Amino acid sequence: MTAAADSKPADFIREIVAEDLRTGKWGGRVQTRFPPEPNGYPHIGHAKSICLNFGIAREFGGKCNLRFDDSNPEKEDLEYVEAFKRDIRWLGFEWDAELYASDYFEQLYQWAERLIEEGHTYVDSQSLEEIRRGRGTLTEPGVDSPYRDRSVAENLDLFRRMRGGEFPDGAHVLRAKIDMGSKHLIMRDPIMYRIRHVPHYRQGNAWCIYPTYDWTHGQSDSLEGITHSICTLEFENNRPLYDWFLDRLGIHHPQQIEFARLAVSHMLTSKRKLLELVREGHVDGWDDPRMPTISGLRRRGYTPEALRNFCAEIGVTKYNSLTGLGVLESALREHLNKTAPRAMAVLRPLKLVIENYPEGQSEELEAINNPEDPSAGTRRVPFSRELYIEREDFLEDPPKKFFRLSPGREVRLRYAYFITCTRVVKDDAGNVVELRCTYDPATRGGDAPDGRKVKATLHWVSAPHALHAQVRLYDVLITKEDAADVEEGEDWKASLNPNSLEVVEDAKLEPSLTDAAAGSRFQFERLGYFCVDAKHSTPGRPVFNRTVTLRDSWAKIKDRGD
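**Student:** What exactly am I supposed to notice about the overall build of the protein chain here?
**Tutor:** The secondary structure content of the protein chain amounts to 14 helices and 25 strands. For the protein chain, the C-alpha radius of gyration of 31 Å lies well beyond 24 Å, the compact-globule estimate for 562 residues. In terms of overall dimensions, the protein chain has a C-alpha envelope of 100 × 55 × 45 Å along the principal axes. When the 562 residues of the protein chain are sorted by exposure, 52% land in the buried category. Across the protein chain, every contact between residues at least 6 apart in sequence was considered, and the portion connecting residues at least 24 apart equals 72%.

Quick look at the structure:
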């Protein structure tokens, strides 16, 4: 028994697994699987399931398969398969076996024939609309199909001819013969096979009938010897059907355990809607940094550690809830604060000239790379007579509690000197275009020998040394807190945020960032965490994506109206 099994389990699923190991229910085995459908890119909801299935196997000394439930050829693609494999590995997990439900098609077909022979299934020749109407409602029982009592011989003949390609799409389906009066709608003779003359991305044209997800899923688990079949909560309604299939076949019967899927505020997890965003050009592909896909989060600058920590923090429950985006961002900030090197960048530059600093002179100042990590060391930052500061760090007529730069006020430049604003230069329209200042040479490094204090420290970039870069400021893509809360008849895209992306074309960055590698992450001091965009950066012209903001004390004061 592993350390995880010996210690107190973190959630109810781990409690079940620990108890099963204690009692030897599965002969000491723990076999899980992560079973995505390859019809889109993995998103934040998949991240929770990946961490849960692979995490349990790792913690309890078991194994976890990656199995693609690829029984719908019209929506599946190898691109999505590769995306899942890439993102699972990026999250820090490795599968014990790479499997595909489509490799079980022949076995599933043979089992379907067996159920026909035993009188448990039949070929229905009604249209899908007729089948839907005959299924009944939550308050009214279903109606038997007129084809429900076909003979075994006729059903076998039709089913084999369906496989042989004799019939067009929609001519027949194979249905389980269960109970049209069941209180569970899913037990009212569910469809097991449909005719689809569509090539499969792995099987080619070998099949023209395809098993439904509900017929495929449980039997695939059984074939793989899964012990704990961990599903999201909506599959609790499907469990009686999965049990019925497994019991009729008399094969290995995994234990299905349901948990609540992850929903994060302002984030979509509907693959249909995400695909719509991509196809209609609302975003820059599946990996757009505004997307809730794992590849989008990675491109935005999220770390695998932050996502794993987030999934561990929110835990595993049996009730659906909406997790605030702030919880996810807090986990991200916590990790980046410890790991991201610091740098100085000015997004909305205002030129500042230090009039008593010698013209043509520059010097290098020592800056700390990460105060949370002494081993990260220091770097040298150039300083000169002409600098850029953030435009919002100056107010000509400051209100109470604004302690940044204003006429006559002294502030500290980070790692540099105390400066005092002596003059404001404006254009013909009255806009501030330049500040004239003086500096105190005795305050090099940021402290005054006479002990005087200042109330603000500003970041800056040396103008002649500045790296010019594009910076993309991202906000939520969906304005609604609950992206799934869409009224009937309402266009869900009405909640798309028109201000989800702001592009700053000529930000000024310290020169140490010139050769920053694609995907590398930094804290731009006082601004937030940023990541080098791996898709659009070019040598000497990096593009930075804002990963997440920092809390701004002045912004909080303004929000309160003080």
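Picking up where we left off.
**Student:** Is there a simple way to explain the sheet that holds strand β11 (residues 345-346) in this structure?
**Tutor:** What links the strands of a sheet is backbone hydrogen bonding, and the strands pair in either a parallel or an antiparallel sense. Read from one edge of the open sheet, 7 strands run β10-β23-β24-β25-β21-β22-β11, paired in mixed fashion. The two strands at the open ends of the sheet, each matched to only one other strand, are β10 (342-343) and β11. The pairing of β10 with strand β23 (residues 521-524) spans 2 bridges and is parallel. Within the sheet, the bridge partner assigned to alanine 343 lies in β23 and is phenylalanine 524.

**Student:** I'm lost on the pattern of salt bridges in this one. Help?
**Tutor:** Pairs can form between side chains of opposite charge whenever their charged atoms are close. The tally for this structure, following the rule as stated, stands at 58 salt bridges. One salt bridge connects arginine 348 with glutamate 502, and the closest N-O pair in it is separated by 2.6 Å. Of this pair, arginine 348 sits in the loop between β11 and β12 (349-354) while glutamate 502 is found in strand β22 (residues 501-509), placing the two residues 154 residues apart along the sequence. For arginine 348, a relative accessible area of 38% puts it in the partly exposed group. For aspartate 393, the salt bridge is made with arginine 526, and the minimal N-O distance between the two is 2.8 Å. On the criterion of sequence distance, the pair formed by aspartate 393 in the loop between β15 (386-390) and β16 (410-413) and arginine 526 in the loop between β23 and β24 (528-532) is long-range, its members being 133 residues apart. Residue aspartate 393 is classed as buried on the basis of its relative accessible area, which comes to 1%. The partly exposed category is assigned to arginine 526, whose relative accessible area is 33%. Taken together, the salt bridges that share partners define one network made up of Arg33, Arg67, Asp69, Asp221 and Glu224.

**Student:** In this structure, what is going on with the sheet that holds β16? I would like to understand it.
**Tutor:** Reading across the sheet, the 7 strands line up as β19-β16-β17-β18-β12-β15-β20 and stay open at both edges, with mixed pairing between neighbours. With one partner strand each, in any of the chains shown, β19 (457-458) and β20 (461-462) form the two edges of the open sheet. As paired elements, β16 and β19 share 2 bridges and run parallel to each other. Paired with leucine 413 across the bridge in β19 is leucine 458.

**Student:** Got a minute to help me understand the environment of arginine 436 in this structure?
**Tutor:** Inspection of the secondary structure assignment puts arginine 436 in strand β18 (residues 432-440). Taking C-alpha positions, arginine 436 is 24 Å from proline 511, a pair spaced 75 residues apart along the chain. When residues no more than four places from it in sequence are discounted, the contact partners of arginine 436 are Val353, Glu355, Thr420, Cys421, Thr422, Arg423 and Val425. Here the side chain of arginine 436 touches glutamate 355 through a polar contact of 3.5 Å, side chain to side chain.

**Student:** Whenever I open this one, empty space enclosed by the protein confuses me. Can you help?
**Tutor:** Think of a ball as big as a water molecule: rolled over the atoms, this probe shows where empty space is left. With the rule as written, the count across this model stands at 1 cavity of 30 Å³ or more. Here the largest cavity is characterised by a volume of approximately 80 Å³. What lines the largest cavity is simply His217, Gly218, Asp221, Ser229, Tyr242, Asp243, Leu246, His253, Pro254 and Gln256. Elements that contribute at least two residues to the lining of the largest cavity include exactly α8 (213-223) and α9 (239-249).

**Student:** Please clarify how the packing of aromatic side chains should be interpreted in this entry.
**Tutor:** Each aromatic ring pair is described using two quantities: the centre-to-centre distance and the angle formed by the ring planes. The full count for this structure, using the stated rule, is 23 aromatic pairs. Considering the side-chain rings of phenylalanine 34 and phenylalanine 84, the 6.0 Å spacing of their centres and the 50 degrees angle between planes classify their relative orientation as tilted. Taken together, the positions of phenylalanine 34 in strand β1 (residues 31-34) and phenylalanine 84 in helix α4 (residues 78-90) put the pair 50 residues apart, joining distant regions of the chain. The residues phenylalanine 34 and phenylalanine 84 share a single accessibility class, namely buried. Ring centres of tyrosine 80 and tryptophan 286 lie 5.9 Å apart, and the angle between their planes is 75 degrees; on these two criteria the pair is classed as edge-to-face.

Reading guide: rules and limits
Residues numbered from 1 in each chain as written. Predicted model: local features only at pLDDT ≥ 70, side-chain atom pairs only at ≥ 80, totals over all residues. Heavy atoms only, no water. Helix = DSSP H or I, 4+ residues; strand = E, 2+ residues; numbered from the N terminus. Rg over C-alpha atoms; globule rule 2.2 N^0.38 Å. Buried < 20%, exposed > 50% of the residue type's maximum accessible area, 1.4 Å probe, protein only. Contact = heavy atoms within 4.5 Å. Pairing = 2+ DSSP bridges. Salt bridge = Lys/Arg side-chain N within 4 Å of Asp/Glu carboxyl O. Polar contact = N/O pair within 3.5 Å; in protein donor to acceptor, adjacent residues only side chain to side chain. 1 Å grid on protein atoms, 1.4 Å probe; cavity = no way out; pocket = protein on both sides within 12 Å on 5 of 7 lines; lining within 4 Å. Points joined across faces, edges and corners; volume = space filled by probe spheres on them. Phe/Tyr/Trp six-rings, centres within 6.5 Å; stacked < 30°, edge-to-face > 60°.

So far we have only geometry, and geometry alone does not tell us how the molecule works.
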